[in-house]
Amino acid sequence: MDDNKCKNCMYAEKVGGAFGDWYCRLNTTRDIFGREKYLKIDPNASCANFSQAYTPESSGYTGSRSNCYLTSACVEYMGKDDDCEELTVLRQFRDDVLSKTEEGKALVKRYYEVAPNIVAKIEISNDKEKYYGYIYEKVKKCIVFLKENKHEDALNLYKEMVETLDKEL
């Protein structure tokens, strides 16, 4: 297996099942309404942004279906749907606010870099429920801030959460 293929990159995502198309979550474009869209990619190509995807072999992680600790906390830990209010509000904030600034873009890019590793570490820890419970509590507080248009408060809380997880895991 050639590890430098897009399909092996942590930013690659296959949408639409076995016969679906591949998209890059890092490289985006905008539609006619200004909404951010992932770029369709050739899964056998590669690019300068290639980053090795986490696998059970490389991380020891075998449990969660998601490389996103926010999704894992809401969907797998709390039993919510992937389109639950919490994830919908967070995604809207990512797409409508963060993607509009260089700092926000950098924060989103950093999230996609660290999230798989955080999920992997949580999944192999003995305190999985503690960590996902902690994340979910912070997500709920961020949602309150975002609904009140307190974006800076939500970002600070999020950054604090990531620092805490990074130190503990």
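Up top you'll find the structure we're talking about.
Here the structure is a predicted model, which is why all the values come from computation and not from measurement.

Draft legend 1. Summary view of the nonpolar core. In terms of nonpolar packing, the biggest core is built from 40 residues, with Y69, L70, Y111, I135 and M161 touching the most fellow members. Where this core is concerned, the elements lending two or more residues are β2 (21–30), α2 (69–77), α3 (85–96), α4 (102–124), α5 (128–147) and α6 (151–168). Excluding residues within four positions of it along the chain, L70 makes contact with L87, L90, Y111, I135, V139 and M161.

Draft legend 2. Examining α5 more closely. The terminal C-alpha atoms of α5, which comprises 20 residues, lie 29 Å apart, in line with the 28 Å expected from a rise of 1.5 Å per residue. Buried residues belonging to α5 abut α2, α3, α4 and α6. At the exit of α5 stands N149, carrying a positive phi of roughly 60°.

Draft legend 3. Fine view of α6. With 18 residues, α6 extends 26 Å between its outermost C-alpha atoms, agreeing within 8% with the 26 Å of an ideal straight helix rising 1.5 Å per residue. Buried within α6 are the following residues: A154, L155, L157, Y158, M161, V162 and L165. Here the buried residues of α6 occupy an arc of 165° about the axis, which is enough to place them on one side. Looking at the buried side of α6, the elements it contacts are α2, α3, α4 and α5.

Calculation rules
- Residues numbered from 1 in each chain as written.
- Predicted model: local features only at pLDDT ≥ 70, side-chain atom pairs only at ≥ 80, totals over all residues.
- Heavy atoms only, no water.
- Core = buried A, V, L, I, M, F, W, Y, C linked by side-chain atoms within 4.5 Å.
- Buried < 20%, exposed > 50% of the residue type's maximum accessible area, 1.4 Å probe, protein only.
- Helix = DSSP H or I, 4+ residues; strand = E, 2+ residues; numbered from the N terminus.
- Contact = heavy atoms within 4.5 Å.
- Expected span 1.5 Å × (residues − 1).
- Arc of directions from axis to C-beta.

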